[in-house]
Amino acid sequence: MTAEMAGRVQVQHVNVKIFAEDTAGVDLAEAIPVFHRWIQESVCEELLIDVADYRHVPAGPGVLLVGHEANYSLDLSEWRLGLLYNRKAATDDNPRENLTQAFRAALTACQRLEQEPEFRGKLKFNAAEYEVILNDRLLAPNTEATWQALKADFENFFSSLYGVGYTLDRPGDPRERFRVVVKASGAVDALTLLQALDRGGRSAALFGHSLSRVSQRS
Amino acid sequence: MKASNGFWREALIGRMPGYLAKELDIFENEIALKKQGKIDDKVFAETRLRRGAYGQRYDNGERHDGRVKRKLAYPAASLTKGPNTLWDAPGMQRIKIPFGGLNAEQLETLAELAEEYSDGIAHLTTRQDVQLHFVHIEDVPTLQRRLAAVNITTREACGNTVRNVTACPYAGVCMGESFDVTPYAKATAYFLLGHPDTQNFGRKFKIAFSGCRENACGLTRIHDIGLIAVTRQFSGRTQRGFEMYGGGGLGTVPYQAKLMEEFITEEELLPLCQAMGRVFARLGEKKNRNTARMKFLVAKLGLEEFKRLVALERASLPHDERWTSYLQDVERYEEKALKPPSLLQIRPSAPAGFEEWRKTNVAPQRQPGYVTAMVTLPLGDITAAQLRKVADVCRKYVKETIRITVEQNLLMRWVSEADLPALFAELEDAGLGQPGAGTIADVTACPGTDTCKLGISSSRGLAGELGRHFMKENGSVDEAVRGLRIKISGCFNSCGQHHIADLGFYGVSRNKNGYAVPHFQVILGGQWTENGGAYGLAIGAVPSKRIPDAVNRITSRYVAERQANESFQDFVRRIGKAECKKMLDDLTRVPPHDADPSFYTDWADAREYTLGDMGVGECAGEVVSPIEFALTACEREVFEAQLHLDGGEFEAAARTACESMLDAAAALLDWKMLPHEKLPGSIVEQFRKQFYDTQIFFDPFGGGKFAQYFFAAQENVSARHDADTAHRLVDEAQLFLEACHSCYGRMMAQPVAV
C-alpha cells in the first residue's frame, strides 16, 4: 500500500453482519422459501435475482439471496449465524451515507426475518454486536493506515447510534478485508437500532456514559 | 461494479507478465467499446468466453419466480454482452489451473477474488478448474489482472480452444505410476496456450494425463487426447513415453477414447498433440457445433484414417525448439518435502474424528514417511476463509503446493506422517476435516440449475441431500457400498461425469397431469476406474424427490445379493437392466399435485418447478394427455433397445432405437393433430416441416441437434451396426426422446409476464 493509494481510502462496498442469538431452533433450510418469497414480493428497492443454498459448506455463506446491488445471507462464517448484508454496487464516496445505507438494509432484513412465519419466535438478532467489513482491499486494505484514515468516520457514525457506550475492535490479519467488530454495552434489538438510525444524529444515542475504546487484534 | 476497478491496473504494474498485462488492457478496451455499441454481440461473446467469462442462468433477463416468469430489471437495461445476454446479469468466471496445481499465494488470491467479486465461494470443477459465480462483467479485467499477478491466466478457459490440461493429482507420489506426468502436463498446457494451430477449432479440445492405466485419477479415456505414462527398455536404458488415446469425450453421447499409439516418446508428445490439433482444425466440423468435437471426426474418418492423417501432419510440421527444450529439466523435476519423513504415533490424545478421517482421506506415498491428505470439499465448494487456511497449512506442513482433484477436492502431498493429527486439527477447526473422501458420501455434481443456463434439474440440491444422508449414515454404510461413486449432472451434457459413475444421474423433466416434474435419469454400471473405463446406460427416469429412495434400494439390494467379491458393475450386469428397472418401477410414480406438491419442486428450491424455467403448463389439470402415454411407450422401446444391446444383439438394438425415435416424432405430430401417414418417410417429412424447420423443436441451447439424431438415424436405417454404433444410437434415441418431452413441456408453458 503506497502513500498515494492511502489517499484513495474509501468506505465502499460496506458489509454488515448482525449476529443471531440462541440459534438452536433455527433450521437454515427455512430460509430458502423465505428468500424466494422476498424475490416474488420484491420486498426491497434492490433487484433480487436468485437464492443459493450453501448449507453444505461448513462455516460458509449458509443460504444466500443474490441481488444486483447487494446480497443478503443467513451466514455461518466463523461458525456464527448472522444476517450478512453485502453491498456490491459502488456508491458515492460518502462514508456516513454508505454506512447508514448498509446498516438500514441489514437491520430491515433482520426485522423482516424475525417476523417471517418460518422464523417467528425462533430467530432473534442482537444488534448490540456486529461486524462491519469494507469489501475492497485496494480502497480499504486492512492496515493501521486505513484505520487512521477512517477512524473519525466510524466513531462519528457509531457515536450517533450508541453515544459512547460501544467498543470497536479491528482484527489485524492483513490478508483479510478491513473489518471492525462493534460491541454495544447493552442488548439492543434490530427494531430499536433501526429506529435510532432513522432518527439519526447524536440525540439518538442509545447508551450514554461508558467510554468508547478502540483496539487492534492481530 | 467495483469502485476500485480504475485503480488496479496501476497498482499491479510490474507484477503481471508483460504479455498478460497487454492482453488484459486490450480486453478492457473491448469492454469499453462494447458499451459504446462498437463491437458486435457475437464477437464480444466469443472474446469474453475465450477469457473464461461465461454467462450464467437468467442472464437473458428472465426468471420464473415460482408464480410467474418475470423480467429482471437491470440498470443497464438492454445493453448486452452477447446474444440474448444482458450486460448487468451475473456471470461465471472460469479459471483454468493446469494439472490442478496451486501454491499458497495463488490460494490467497483466489480467496480475495471470491470475497470481492463473487459470493465468497470458490467452486472446484471436475476438470481441475476454479469457478467464481455471480461476477459482473465490468469487474472481470481487474479480477483477471489480480490472477495474472500470481501467474494464473484465464485465457482459453472456455471457447473453442484447448481447455485446462488435467493430470492425476497423485503424480509424483503415487505408488503405481510409471513416472511423474506433471512436467509434461505443464509443458503441454503452455505450449498449446494461444498456439496458432489451436485457434481455429470448431469446438473445445480437452487433454488429460495419467501416471497409470488402472486408476481413475486422470480419466484419460473421456478426453480428446488421453496420455498414460509408460516406459520401455530401449538400447539398454529405460525410455519414458506415453500410451496415446484419441477421440474420447462425454457430452450428450459419450465416446471412449481409442488407443492411437501404444508408445510415443516424450520427444514426440508436443508435436503429436500439435499435429492432432491441426487435423482437427482442418477437418473438424465447424458449422454444426453439435457434431464438432474431435470424437465425431475420429468416428467419421475411422481410427486408422485419422491416425494416417495425424502422421502426415506430424511429418510436415516445421521443427519447434519448444518440443524438447523443457525435457532437460523433466527428470530432475520433483516436488520436495518441507519436513523430514516420519511415522505416525497414534496417541490417545489424537483429535476426535481423526481416525475416521485418516481412514478415508489419507494415503501413503511412494516415498516412505510421507502421506497425501485429501481435503474434502462438499460439492467442490470452499470459502475464502478456508482458502486462506489451506494456504496456511500448505506453508506450515508442505512446501506450499496443493492439487485440485477431478472429484472436486484438494490434495495435500508430502505431508510428514507424524504431522497428521496436528494437520487434521487445523483443518477441522476451519470446517475442512470432513471424512469420506472417495466414498459414496463424496458426491460429484455440476452446477446444474443453481447457476448453469443448461441445467434441467438441481444436481447440486440432490448431491447435497445425498451427501448429508451418507455422512449421517456413515458408520452404518456397508463396506461394499462405501467405495461406490455417485455423480450427478443437471442435464444430458455430462459435466458431472454421470456416465462413469457406479450410480450416475442426469437431470430430465417429465410432464405429469399438466405440471412439470423434476426427474433424474438413473445410469448404472459406469466404471470410474481404469481412467473412466466404461460408460453406463440409462435405466429410467425417477422423480427427483425419490432419488434418495432409489439409491437406498439399489445399494441395499447390492449388499443383500452380491456374490463374493462381486463388483457393483458385475452385480448390475448379472441381475440385468430389466431387473434394475423393475426394482425402481414403483418409485417412478408421481402423486397428484394436490396430494403431495413437494414432488413438483426441486431440491433446495422452494419454487414450483418449471421446465427450462419457462412456466407451469397453462392447461394444468388432472387429465393425462395421450402424448404422455405415447412418450412413455417410447421410453419402454428405448429401454428394450438397451436390453438388446446388453444381450449383444446390436442390429435389434439399433432397429428398436430407430423405431422409438420414429414413434416419439409421430406422438408430437399426433398431439398437435398434424396430418401424416403412418409411414417413416411421411413422419420424418412432416416432423421436419412442422417442428424442425419452424425451430419449435429446438432446444434453447442445443438447437436442433436432437432432431438431427432422428434424421440421421432414419437416413441410415439400413446401416450395419457394431457394439459402438448401436450403443451410440441407443443413447441418441434416449436424448431425442428427452427432447420430445422438453418440446412438449415448452409448448405447454405459459408466456412471460412483464
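Cut-offs and rules
- Residues numbered from 1 in each chain as written.
- Chains lettered and ligands numbered in written order.
- Predicted model: local features only at pLDDT ≥ 70, side-chain atom pairs only at ≥ 80, totals over all residues.
- Heavy atoms only, no water.
- Salt bridge = Lys/Arg side-chain N within 4 Å of Asp/Glu carboxyl O.
- Buried < 20%, exposed > 50% of the residue type's maximum accessible area, 1.4 Å probe, protein only.
- Helix = DSSP H or I, 4+ residues; strand = E, 2+ residues; numbered from the N terminus.
- Expected span 1.5 Å × (residues − 1).
- pLDDT = per-residue confidence, 0-100.
- Contact = heavy atoms within 4.5 Å.
- Axes fitted to C-alpha atoms, helices over the stretch in contact; angles between N-to-C directions.
- Parallel < 35°, antiparallel > 145°, perpendicular 65-115°, else oblique.
- Nonpolar A, V, L, I, M, F, W, Y, C, P; charged D, E, K, R; others polar.
- Arc of directions from axis to C-beta.
- Phe/Tyr/Trp six-rings, centres within 6.5 Å; stacked < 30°, edge-to-face > 60°.
- Lys NZ or Arg CZ within 6 Å of the ring centre and 35° of its normal.
- Pairing = 2+ DSSP bridges.

(A) View of the pattern of salt bridges. For the structure shown, the criterion picks out 74 salt bridges over all chains. Across the pair arginine 55 of chain A and aspartate 53 of chain A runs a salt bridge, and its minimum N-O distance is 2.9 Å. A relative accessible area of 12% places aspartate 53 of chain A in the buried class. Each member of the salt-bridge network shares a partner with another, and the members are Arg137 and Arg177 of chain A together with Glu112, Glu115, Glu116, Arg146 and Arg388 of chain B.

(B) The arrangement of helix 15 (residues 459-472) of chain B in detail. Compared with an ideal rise of 1.5 Å per residue, which puts 14 residues at 20 Å, helix 15 of chain B spans 20 Å between its outermost C-alpha atoms and is within 8% of the ideal. Residues of helix 15 of chain B that are buried: Ser459, Arg460, Gly461, Leu462, Ala463, Gly464, Leu466, Gly467 and Phe470 of chain B.

(C) Representation of the confidence of the model for chain B. Residue and element names in this part refer to chain B. Here chain B averages 91 in pLDDT, while 97% of its residues score no lower than 70. Note on residues 614-623: pLDDT is under 50 here. Beyond four places in sequence and across chains, it has 34 contacts. This stretch, residues 750-754, has a pLDDT under 50; its non-local contacts, to residues over four places away or in other chains, come to 17 contacts. Interface confidence for the predicted complex, given as ipTM, is 0.93, next to a pTM of 0.87.

(D) The arrangement of the side chain of threonine 109 of chain B in detail. Residues and elements named next belong to chain B. Along the polypeptide, threonine 109 turns up in helix 4 (residues 104-117). Residue classification places threonine 109 among the buried residues on the basis of a relative accessible area of 8%. Aside from chain neighbours lying at most four places away, what touches threonine 109 is Arg146 and Val150.

(E) Structural detail: the packing of helix 18 (residues 547-561) of chain B against helix 19 (residues 568-575) of chain B. All names here are of chain B. Packing of helix 18 against helix 19 brings their axes to within 11 Å, and their N-to-C directions diverge by 90 degrees. In terms of orientation, helix 18 lies roughly perpendicular with respect to helix 19. The segment helix 18 lies against helix 19, with Ile554, Arg557, Tyr558 and Glu561 engaging Phe568, Phe571 and Arg574. Per-class residue counts for the contact of helix 18 with helix 19 are four nonpolar, no polar and three charged.

(F) Structural context of the environment of alanine 149 of chain A. Residue and element names in this part refer to chain A. Residue position: alanine 149 is located in helix 4 (residues 144-162). Judged by relative accessible area, alanine 149 falls into the partly exposed class, the value being 42%. Put simply, alanine 149 and valine 9 are 140 residues apart on the chain and 7.1 Å apart in space, counted from C-alpha to C-alpha.

(G) Fine view of helix 2 (residues 18-35) of chain B. Residues and elements named next belong to chain B. Here helix 2 contains 18 residues, and its C-alpha end-to-end distance of 26 Å stays within 8% of the 26 Å for a straight helix at 1.5 Å per residue. For helix 2, the full list of buried residues reads Leu20, Ala21, Glu23, Leu24, Phe27, Ile31 and Lys34. Around the axis of helix 2, the buried residues are gathered within 160 degrees of arc, so they sit on the same side. Opposite the packed face of helix 2, turned more than 90 degrees from it, sit the exposed residues Gly18 and Lys22. In this structure, the buried residues of helix 2 make contact with helix 3 (41-49), strand 4 (80-82) and helix 5 (140-148). Taken from the residues just after helix 2, glycine 37 is the one with a positive phi, measuring 80 degrees.

(H) Representation of the environment of phenylalanine 157 of chain A in the model. Residues and elements named next belong to chain A. In this fold, phenylalanine 157 is placed in helix 4. On a C-alpha basis, the gap between phenylalanine 157 and serine 73 in space is 24 Å, while along the polypeptide they are 84 residues apart. Residues within four places of phenylalanine 157 in sequence aside, it is in contact with Arg96, Leu99, Thr100, Phe103 and Leu197.

(I) Structural context of the packing of aromatic side chains. Counted according to the given criterion, the structure contains 46 aromatic pairs over all chains. Pairing tyrosine 184 of chain B with tyrosine 326 of chain B gives two aromatic rings, centres 6.2 Å apart and planes at 85 degrees, and the pair type is edge-to-face. One end of the pair, tyrosine 184 of chain B, is in helix 6 (residues 182-192); the other, tyrosine 326 of chain B, is in the loop between helix 10 (322-325) and helix 11 (327-330), with 142 residues separating them in the sequence. Under the relative-accessibility criterion, tyrosine 184 of chain B is labelled buried at 0%. The rings of Phe103, Tyr130, Trp147, Phe154, Phe157, Phe158, Tyr162, Tyr166 and Phe178 of chain A are connected pair by pair, giving a single aromatic cluster. A cation sits over an aromatic face here: lysine 487 of chain B above tryptophan 528 of chain B, 3.9 Å from the ring centre. Over the aromatic face of tryptophan 603 of chain B sits the side chain of lysine 545 of chain B, whose NZ or CZ is 5.2 Å from the ring centroid.

(J) Up close: the sheet that holds strand 6 (residues 91-95) of chain B. Residue and element names in this part refer to chain B. Here we have five strands laid out as an open sheet, ordered 1-6-9-8-17, and antiparallel in their pairing. The open sheet has two edge strands with one neighbour each: strand 1 (53-54) and strand 17 (381-383). Where strand 8 (residues 121-124) meets strand 9 (residues 130-135), two bridges bridge the pair, whose relative direction is antiparallel. Among the inter-strand pairings, histidine 123 is bridged to a residue of strand 9, identified as glutamine 131. Relative to the sheet, helix 5 contacts strand 1, strand 6 and strand 9, its axis offset from that of strand 6 by approximately 20 degrees.

(K) Up close: the sheet that holds strand 21 (residues 486-489) of chain B. All names here are of chain B. Strand order across the open sheet formed by five strands is 20-21-22-23-24, with mixed pairing between neighbours. The sheet is open, and its two borders are formed by strand 20 (444-445) and strand 24 (537-543), each paired with just one other strand. Of the strand pairs in this sheet, strand 21 and strand 22 (residues 503-512) are connected by four bridges, and their pairing is parallel. Directly across from serine 489, in strand 22, lies its bridge partner tyrosine 506. Together, strand 20, strand 21 and strand 23 (515-524) form the strand contacts of helix 15, whose direction differs from that of strand 21 by roughly 160 degrees.

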